[in-house]
Amino acid sequence: MTATVERPARLELPEKTVRRDQRRWAIAIALVIGWSIATAGLDVSEIVNERGVTQLRKFFAAMVAPDLSPSMLSLTVREAGVTVGYALLGTALAVMIGAVGGVLLTERIWSSQQGVMGRGRYGWATARVLLAVPRSMHEVVFGLILVNILGLDPLVAVLAIGIPYGAVTAKVFAELLDDVSLDAEQALRASGAGRLTAFVFGTVPQALNDLLSYAFYRFECSLRSAAILGIVGAGGLGFQLALSFQSLRYDEMWTLLWALVILSGLADRWSSVVRRRRNSLAAETHADTADPSVVAKAPAADRFLQLSVLVGAISVPVAWVALGIEISNLWSERARILTAELVRDAWPPEIGADGWAGLISDSLDTIALAVLSTAIAFAIASPIAFLARRPSGGRPGLAHVGGLLLSSALRFVLLVARSVPPPVWAFVVVFVLFPGLWPGAVALAIYNGGVLGRLQGEVVENQDPRPAETLKATGATAAGALTVATAPAVASRFVALGLYRWEVAIRETVVVGIVGAAGLGRRLDEQTSAFAYDKIVVTIAALFVVTVAVDFASASIRRSLR
């Protein structure tokens, strides 16, 4: 009787606490957005540059009239191959680092058979700290450092993509592995298997499909990063984009940009199909049904996943040979000499003429820039995600065809938005906005809006449609069913994705610094131009501190949503 009386009290208290936490975080987010807007400024005369409208029109006019001359198409195909090669090798390196780092970051590998970490928590904490450093640095930062050691070597792009993405992959792999049931691993350990053996044969097989699925998604991200690295001199489509933009050859730019859109679309489609096939296979494997049609689908899905892995495995050595990778360049005498010189130039670190006040001001501007870009991207992407979802079922008719055309058009807009590198959007936006926080925020908002809209669209598509269909059956309109049934169900997931993009946006502020966007990105660009490596060290350290602080805040907010 006592247990029956006490149970409701224990269950209600956490619910009230969670709601209170959510309200506090909502107020905090609103205040931070307001502060960011005030920091950026609202004086239109100091933000908008009306004289740049003509150049903006010329840029978008070339969108439908790209340069299709044989020489330009030949150049585009060749550089597209270089970009794909960078992405493949960068992804392969990221997956290798992620596989090792993911094991080191899992709590269970450091825990005893009873699940107690004990002294193992020191090894776990050390691994997290070590991998947090490369995870906080944008690939462009690695590229800028490595190009001073290796020159314009293809290894620069591969390492610049693989190292930071490897740290990110390790974190995701660890989370996927920790979510797997402990039963198989504990059974192996109880039978006498060692900790690592039980983990490899008991836990890893259960998470393998999820790990492979994320690896394909990481290739999609690597493709975009390869284009960004090209803009800073690593070669490929991005490098040609920078050259064409310097001479304002917009027709050439759009030839290269359409190539990026096509590559991104293919990678996006491949990644999505792999994830859907993997989810379908998992569902069919665990389905309690004797339907022969369901059983027949499983081998086909499995063969597709195996074929995808095989294609990826074969492509890596092909890209290695085609790009002429020489791993020995890493420890060549020239690399050792240049590394020693770089260390001498960077030590001791120098904060700069503006001192701590300037560094703190730029760090706050970086946070404001990331907040603004994420808020704009979220406000635009969230409604588009509902409209861009693929129609499920429905009867053939004008309404269904219209919905299909609208969703296809919006998905294409999102694809273009995330395929064009942020530095290109920044160059375009700066035509009509004066240098400062706003052009950087708008450029990142366009890019992140494309990524966020795509991720949110998948959340809407994966949502159970039955509650909305039930409301429609009772006479509710489609908009009413969407508002009452679907929107509340996906709201917390939408916010979680927005917070994730905020974390990413902090790192991406670096790439819009080249157009004068305020913050640590502009500071880093100025210091790089002056070869002030002692000051660059301090700026990178500040970026690391800001990134860790934002990651911590974001993680705390996401926990309140659970």
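A. Main features of the overall build of the protein. Within the protein, the regular secondary structure consists of 21 helices and zero strands. Looking at the protein residue by residue over its 562 residues, the buried ones come to 46%. Partitioning the contacts of the protein with sequence separation of at least 6, the portion at a separation of at least 24 is 80%. Surface exposure of the protein reaches about 27600 Å², of which carbon and sulfur atoms provide 66%.

B. The arrangement of a nonpolar patch on the surface in detail. A cluster of nonpolar side chains, contributed by V32, W35, W356, I360 and L364, occupies part of the molecular surface with about 500 Å² of accessible area. Residue assignment for the nonpolar patch shows that the elements contributing at least two residues are helix 1 (2–40) and helix 14 (355–387). When residues of the nonpolar patch are assigned to their parent elements, the largest contribution, three residues, is made by helix 14. Turning to its location among the elements, W356 is positioned in helix 14.

C. Inspection of the packing of helix 4 (residues 70–105) against helix 7 (residues 154–178) at higher detail. It is at 5 Å that the axes of helix 4 and helix 7 come closest, and there the two elements cross at 40°. Helix-helix and strand crossings are classified by hand; for helix 4 and helix 7 the assignment is right-handed. Tallied by class, the residues present in the contact of helix 4 with helix 7 amount to 20 nonpolar, seven polar and two charged.

D. Summary view of the side chain of T83. For T83, the position within the fold is in helix 4. With sequence-adjacent residues up to four places away left out, T83 is seen in contact with L223, A226, A227, G236 and L237.

E. Region of interest: helix 20 (residues 520–529). Buried residues of helix 20: L520, G521, R523, L524 and Q527, and no others. Mapping the buried residues of helix 20 onto a view down its axis gives an arc of 160°, with all of them on the same face. Turned more than 90 degrees away from the buried face of helix 20, the exposed residues are E526 and S529. Where helix 20 ends, the next residue or the one after it, F531, has phi of about 55°, a positive value.

F. Highlighting the pattern of salt bridges. Applying the stated criterion across every chain yields a total of five salt bridges. E252 is paired through a salt bridge with R249; the nearest N and O atoms lie 3.5 Å apart. Accessibility expressed as a relative area gives 37% for R249, which makes it partly exposed. In this structure, a network of salt bridges that share partners links the residues R249, D251 and E252.

G. Representation of the environment of A468 in the model. Within the secondary structure layout, A468 lies in helix 18 (residues 466–473). Taking C-alpha positions, A468 is 6.6 Å from T486, a pair spaced 18 residues apart along the chain.

H. Inspection of the nonpolar core at higher detail. Core analysis: the largest hydrophobic core is formed by 121 residues, its most contacted members being Y86 and L257. Considering every element that reaches this core, the biggest residue donor is helix 9 (residues 195–234), with 13 residues. Ranked by size, the runner-up nonpolar core spans six residues in total, among them A127, L131, A167 and A170.

I. Representation of the packing of aromatic side chains within the structure. Counting across every chain of the model gives 11 aromatic pairs. When the centroid spacing of 6.4 Å and the interplanar angle of 75° are considered together, the rings of Y250 and F431 count as edge-to-face. Of this pair, Y250 sits in helix 11 (residues 250–285) while F431 is found in the loop between helix 16 (422–429) and helix 17 (437–462), placing the two residues 181 residues apart along the sequence. Exposure remark for Y250: the relative accessible area of 7% places this residue in the buried category.

J. Inspection of the packing of helix 6 (residues 139–150) against helix 7 at higher detail. Direction vectors running N to C along helix 6 and helix 7 enclose 140°, while the axes themselves pass 8 Å from each other. Here helix 7 runs oblique to helix 6, going by the angle between their axes. Every pair of crossing elements has a handedness; the one defined by helix 6 and helix 7 is right-handed. Contacts from E139, F142, G143, L146, V147 and L150 in helix 6 reach L155, V156, L159, A160, I163, P164 and Y165 in helix 7. When grouped by side-chain class, the residues that make up the contact of helix 6 with helix 7 number 11 nonpolar, one polar and one charged.

K. Seen up close, unusual backbone geometry. At L248, a residue that is not glycine, the phi angle is positive and equals roughly 55°. Following the sequence through the fold, L248 ends up in the loop between helix 10 (237–246) and helix 11.

L. Spatial organisation of the side chain of R418. Note on placement: R418 falls in helix 15 (residues 398–419). Apart from the residues lying within four places of it in its own chain, the contact partners of R418 are E220, R224, D268, Y447, G450, V451 and R454.

M. Region of the structure containing helix 13 (residues 333–346). With 14 residues, helix 13 extends 20 Å between its outermost C-alpha atoms, agreeing within 8% with the 20 Å of an ideal straight helix rising 1.5 Å per residue. All of the buried residues along helix 13 are A335, L342 and A346. Projected down its long axis, helix 13 carries its buried residues within an arc of 30°, all on one side. Relative to its buried face, helix 13 has exposed residues pointing more than 90 degrees away, namely E333, R336 and R344.

N. Here's a closer look at the confidence of the model for the protein. Of the residues in the protein, 82% reach a pLDDT of 70 or more, and the chain-wide mean stands at 78. This stretch, residues 1–18, has a pLDDT under 50; its non-local contacts, to residues over four places away or in other chains, come to two contacts. Taken together, the stretch residues 288–301 has pLDDT below 50 and engages in eight contacts with residues farther than four places along the chain or on a different chain.

O. A look at the environment of L260. Along the chain, L260 turns up in helix 11. The class of L260 is buried, set by a relative accessible area of 2%. The spatial distance from the C-alpha of L260 to the C-alpha of V416 is 8.8 Å, given a sequence separation of 156 residues. Contact partners of L260, with chain neighbours within four places excluded, come to A227, L237, L241, S419 and P421.

P. Structural context of the environment of S408. Following the sequence through the fold, S408 ends up in helix 15. Put simply, S408 and L387 are 21 residues apart on the chain and 9.4 Å apart in space, counted from C-alpha to C-alpha.

Calculation criteria
Residues numbered from 1 in each chain as written. Predicted model: local features only at pLDDT ≥ 70, side-chain atom pairs only at ≥ 80, totals over all residues. Heavy atoms only, no water. Helix = DSSP H or I, 4+ residues; strand = E, 2+ residues; numbered from the N terminus. Buried < 20%, exposed > 50% of the residue type's maximum accessible area, 1.4 Å probe, protein only. Contact = heavy atoms within 4.5 Å. Areas by Shrake-Rupley, 256 points an atom, 1.4 Å probe, with all protein chains shown as cover. Patch = residues over 30% accessible without salt bridge, like charges linked within 9 Å, V, L, I, M, F, W, Y side chains within 5 Å. Salt bridge = Lys/Arg side-chain N within 4 Å of Asp/Glu carboxyl O. Axes fitted to C-alpha atoms, helices over the stretch in contact; angles between N-to-C directions. Left-handed = near helix turned anticlockwise from the far one by under 90°. Nonpolar A, V, L, I, M, F, W, Y, C, P; charged D, E, K, R; others polar. Arc of directions from axis to C-beta. Core = buried A, V, L, I, M, F, W, Y, C linked by side-chain atoms within 4.5 Å. Phe/Tyr/Trp six-rings, centres within 6.5 Å; stacked < 30°, edge-to-face > 60°. Parallel < 35°, antiparallel > 145°, perpendicular 65-115°, else oblique. Expected span 1.5 Å × (residues − 1). pLDDT = per-residue confidence, 0-100.

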